[in-house]
Amino acid sequence: MVYSRPGGPPVAVLPPAQLENPTWVPVVQTLPGWSRILLPSRPNRSTGWIHTGAGGVRTTRSTHRVQVDLAARRLRLSDAGRRTGSWAVAVGTDRTPTPAGRTFLLASVSPEHPTYSPLFLALGAHSGALRTFAGGPATIALHGWPDRAVFGREVSYGCVRVPAAALRALSRLPLGTLVMITR
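Everything quoted here is computed from the prediction, not taken from an experiment.

Enquirer: Please explain the sheet that holds strand 17 (residues 178-182) as it appears in this structure.
Expert: Think of a sheet as strands paired side by side through backbone hydrogen bonds, with each pair either parallel or antiparallel. Pairing is mixed across the open sheet formed by eight strands, whose spatial order is 10-9-8-17-12-13-14-16. At either margin of the open sheet sits one strand with a lone partner, and together these are strand 10 (82-88) and strand 16 (160-162). Strand after strand, the sheet turns through a mean of 25° between neighbouring axes, direction not considered. In the sheet, strand 13 (residues 120-126) pairs with strand 14 (residues 139-144) via four bridges, with the strands oriented antiparallel. Counted as the bridge partner of Ala-122 is Ala-141 from strand 14.

Here is the structure:
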């Protein structure tokens, strides 16, 4: 259960799996027996509290971080504060912008019949301009793109299109890894 505040009323259920992946979410605050977590729901950057005092909650730490600079149209990876990669990327247009803020790697999805990307790394964020996209809830993702001419441009529906080398590096990050998207 997810609570509005420690000891408060339940407001949601955090499922054990998202898009056929185990659910891992970042902890943004802790109190004795409670953790405040980022939620993969609208509005973006929503948080809730989970009770950790009774056990049953697995925790881990990640030293990885993904930084997407929308103005520079650049994605940077770091591990323990040390830069491990940097690539030009494509981001959302003025009409369908990539949402800024703190989010996380929610799931890794390999389409059965890939068209433009062999892998989609869904984030815990949604488009602010679109309610649905391709039959889903307009979840923002990091994914590949076959035409390298898009990198460094504002051309997507809100997702971040990345070169193949970036996608390979991103695919090795653990789910729940923090992603900061800045303007």
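Enquirer: Please clarify how the environment of Ser-127 should be interpreted in this entry.
Expert: Along the chain, Ser-127 turns up in the loop between strand 13 and strand 14. Placed 123 residues apart in sequence, Ser-127 and Ser-4 show a C-alpha to C-alpha distance of 24 Å. Residues within four places of Ser-127 in sequence aside, it is in contact with Arg-42, Ala-138, Ile-140 and Tyr-157. Within the structure, the side chain of Ser-127 is placed 3.0 Å from the backbone nitrogen of Ala-129, a separation counted as a polar contact.

Enquirer: Would you mind showing me how to read the nonpolar core here?
Expert: What tends to happen in soluble globular proteins is that the nonpolar side chains get buried as a cluster. Judged by nonpolar contacts, the single largest core of 24 residues is most densely connected at Val-66, Leu-75, Leu-77, Leu-142, Val-162 and Leu-170. Contributing elements (two or more residues each) for this core: strand 8 (64-69), strand 9 (74-79), strand 13, strand 14, strand 16, helix 1 (164-171) and strand 17. No other element matches helix 1, which puts four residues into this core. Aside from chain neighbours lying at most four places away, what touches Val-162 is Leu-75, Val-89, His-143, Gly-144, Trp-145, Phe-151, Leu-167 and Leu-170.

Enquirer: Would you take a moment to explain the environment of Ala-88 for this structure?
Expert: Positionally, Ala-88 belongs in strand 10. Given a relative accessible area of 26%, Ala-88 falls into the partly exposed group. Residues Ala-88 and Gly-152, 64 residues apart in the sequence, show an inter-C-alpha distance of 5.2 Å. The residues touching Ala-88, leaving out its near neighbours within four places in the chain, are Arg-73, Arg-74, Phe-151, Gly-152 and Pro-163.

Scoring rules and cut-offs
- Residues numbered from 1 in each chain as written.
- Predicted model: local features only at pLDDT ≥ 70, side-chain atom pairs only at ≥ 80, totals over all residues.
- Heavy atoms only, no water.
- Pairing = 2+ DSSP bridges.
- Helix = DSSP H or I, 4+ residues; strand = E, 2+ residues; numbered from the N terminus.
- Axes fitted to C-alpha atoms, helices over the stretch in contact; angles between N-to-C directions.
- Contact = heavy atoms within 4.5 Å.
- Polar contact = N/O pair within 3.5 Å; in protein donor to acceptor, adjacent residues only side chain to side chain.
- Core = buried A, V, L, I, M, F, W, Y, C linked by side-chain atoms within 4.5 Å.
- Buried < 20%, exposed > 50% of the residue type's maximum accessible area, 1.4 Å probe, protein only.

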